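# Summary of the model geometry
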Amino acid sequence: MCGIVGAVAQRNIVSVLIEGLRRLEYRGYDSCGVAVLGARGPSRARSVARVADLEGQVRDGHLEGVTGIAHTRWATHGAPVTDNAHPIFSRDALALVHNGIIENYETLREMLRGKGYEFVSQTDTEVIAHLIHSLYRGDLFAAVREAIAQLHGAYAIAVLHKDQPHTVVGARQGSPLVVGLGDGENFLASDALALAGSTERFIFLEEGDVCELSLDGVRIVDRQGEAAQREVRQVAAYGGAVELGPYRHFMQKEIFEQPRAITDTIPQADAFDASIFGEGAGQVFADIDSLLILACGTSYYSGLTAKYWLESLAKIPTQVEIASEYRYRESVPNPKSLVVVISQSGETADTLAALKHAQELGHKHTLAICNVGTSAMVRQTELSFLTHAGREIGVASTKAFTTQLVALFTLAATLAKLRGRLNDEQEAGYLKQLRHLPAALNSVLALEPQIIAWSEEFSRKEHALFLGRGLHYPIALEGALKLKEISYIHAEAYPAGELKHGPLALVTEAMPVVTVAPNDALLEKLKSNMQEVRARGGELYVFADTDTKIVNGEGLHVIRMPEHYGLLSPILHVVPLQLLAYHTACARGTDVDKPRNLAKSVTVE
Ligand code: HGA
């Protein structure tokens, strides 16, 4: 989603700003811009094309400066057109970039219009720029503090003013912002990743913080206006831009990286030990009587899968809820419940807000399952498990999902052991199965040519139905989500037993029905559901375990999964669904890594 970069230096800073935007590009955006401070005020370049186009404009226009801010925008208020792209100016004196949503922008706009401010964009952001400008009395830091006291909603902002050279002021509430410390120069960004190459020393701002960057230092105050001492963290692991290598898209690369990602995520320990989840986890796990899993999108589906594991293995009651729903409904808190939040980036706005809501309701035990160790989510939870998927660039999540499943299975097995429900032999068996997963995944990835053949058929369809049962119902949901996200084919997933309660009405010969058919206890029931589809002329595309005896026939297409993998089977069965979505999207010629209207880390509500 939106990205912010800012810098104060003694050298021309434009290349740092552009490079920062380039590093954030993978998150998805629809316009971008950069502003630098000159003697007569800020000047800017904005583009509704890619960062490369912005770079061309900057070069051709000789835009240079030692103080600047830059932005990639994912529009929430106002179309992705140049006038709405950030940086937004106020009276050619002040420039501002913003991530988030200002909920009371209409009231503020009326108030500011009353003061003579003219609005030239449809954004909610423009009210912040004019508000700060209206409050400016020679001190930008003070004006920002006064302005944010009037804002309702979520924001991370970076601002500069023509009368204050070598100054960028930032503030955050509900959207991430980090300060990067250099020598005689300082930086600001919505993600430390943007500043890799410029610094390895970061301060992760906390909710309500306001900061002022100058050449020789950074001033930070907290929400109350008290000087805040924030830890300086060394973060060196970001490396350079990720290369595509022999793959056509990052999504394909990431699907094929799953054996490696899972190898790196499987706990090294030769036992399911609470310490895998952080210091004090043993105590926490002994204290809890249930789990509440909060997540969005693909992470929500990993939570749904985990419910089956947690309740069958550990016999611990587990509730899974969409974060954006949980935070706005009245629920019954249980302080003995462990709140598990799942997010690839650890910055998902809805999940962070749900976590905060749970904490305010009195939930004291929290665990993050996350791919980014420096994220807000990891910092705001008591315990954490880091997946080691590596950077995921494709908007449609793949390796983050399967590594989350590894983390959640480990959690279920650990709780089962602590509750006396896992004997030594079972523990050794599950550990062995986990270690063999990368090899098993390689065999599944070898099915790619057969899946490509199916994808040709799918690319001509407008609808698809996905069926699964039990542990594999969430996998059917994830398969349908992948297909709709990147190929724009309308797809729905149902637990197969639900067919006759409604969706069967949709089944005709034009409706492909993808079926996840592992050789588990529900296989015979699933076969009956498949018959129901065939009887109505539906075309079945079945991913069946080798020993299921489901064979090709009229209207029945079968791809055999190499081996049955018991409780861990969802981790294997999701992979052909990822490949099916990927190759169908390729056949339809969509922008696979950056599907329309979507963004990578969803940092707005
Ligand atoms: N609301 C602002 C910023 C949008 C944003 O943060 N997207 O991720 C706008 O629409 O310009």
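Cut-offs used in this document
Residues numbered from 1 in each chain as written. Predicted model: local features only at pLDDT ≥ 70, side-chain atom pairs only at ≥ 80, totals over all residues. Heavy atoms only, no water. UniProt positions renumbered as here; feature names shortened; annotations may be inferred. Helix = DSSP H or I, 4+ residues; strand = E, 2+ residues; numbered from the N terminus. Buried < 20%, exposed > 50% of the residue type's maximum accessible area, 1.4 Å probe, protein only. Contact = heavy atoms within 4.5 Å. Near = heavy atom within 4 Å. Polar contact = N/O pair within 3.5 Å; in protein donor to acceptor, adjacent residues only side chain to side chain. Nonpolar A, V, L, I, M, F, W, Y, C, P; charged D, E, K, R; others polar. 1 Å grid on protein atoms, 1.4 Å probe; cavity = no way out; pocket = protein on both sides within 12 Å on 5 of 7 lines; lining within 4 Å. Points joined across faces, edges and corners; volume = space filled by probe spheres on them.

The name recorded for the protein in an unreviewed UniProt entry is Glutamine--fructose-6-phosphate aminotransferase [isomerizing], from Paraburkholderia monticola. Turning to the protein, the UniProt annotation filed under Subcellular location (unreviewed entry) states: "Cytoplasm". The UniProt entry for the protein carries this comment under Function (unreviewed entry): "Catalyzes the first step in hexosamine metabolism, converting fructose-6P into glucosamine-6P using glutamine as a nitrogen source."

### Remarks on the environment of Lys527
In this structure, Lys527 sits in helix H17 (residues 523-535). In this structure Lys527 comes out as partly exposed when scored by relative accessible area, which is 23%. Remark: the alpha-carbon pair of Lys527 and Arg379, spanning 148 residues in sequence, is separated by 47 Å. The contacts of Lys527, once residues within four sequence positions are left out, are Thr548 and Ile550.

### Here's the deal with the site of the ligand
Residues in contact with the ligand amount to 15 residues; listed here are only the nearest, Cys2, Arg73, Trp74, Thr76 and Gly100. One of the side-chain N or O atoms of Arg73 is found 2.6 Å from an oxygen atom in the ligand. Within the backbone of His77, an N or O atom sits 3.0 Å from an oxygen atom of the ligand. Broken down by element, the shell around the ligand gets its largest block of residues, three residues, from strand E6 (residues 94-102). Class assignment for the residues of the shell around the ligand results in five nonpolar, eight polar and two charged.

### What about the layout of surface pockets?
Size it by volume and the largest pocket reaches roughly 660 Å³. Those elements that place two or more of their residues in the lining of the largest pocket are helix H9 (297-313), strand E17 (337-343), helix H11 (349-360) and helix H16 (473-487). When residues of the lining of the largest pocket are assigned to their parent elements, the largest contribution, five residues, is made by H9. The residue makeup of the lining of the largest pocket, split by class, is 14 nonpolar, 13 polar and six charged. Here the second largest pocket is characterised by a volume of approximately 550 Å³. The set of elements that each furnish at least two residues to the lining of the second largest pocket consists of E6, strand E7 (153-161), strand E8 (168-173) and H11. The class makeup of the residues in the lining of the second largest pocket is eight nonpolar, eight polar and eight charged.

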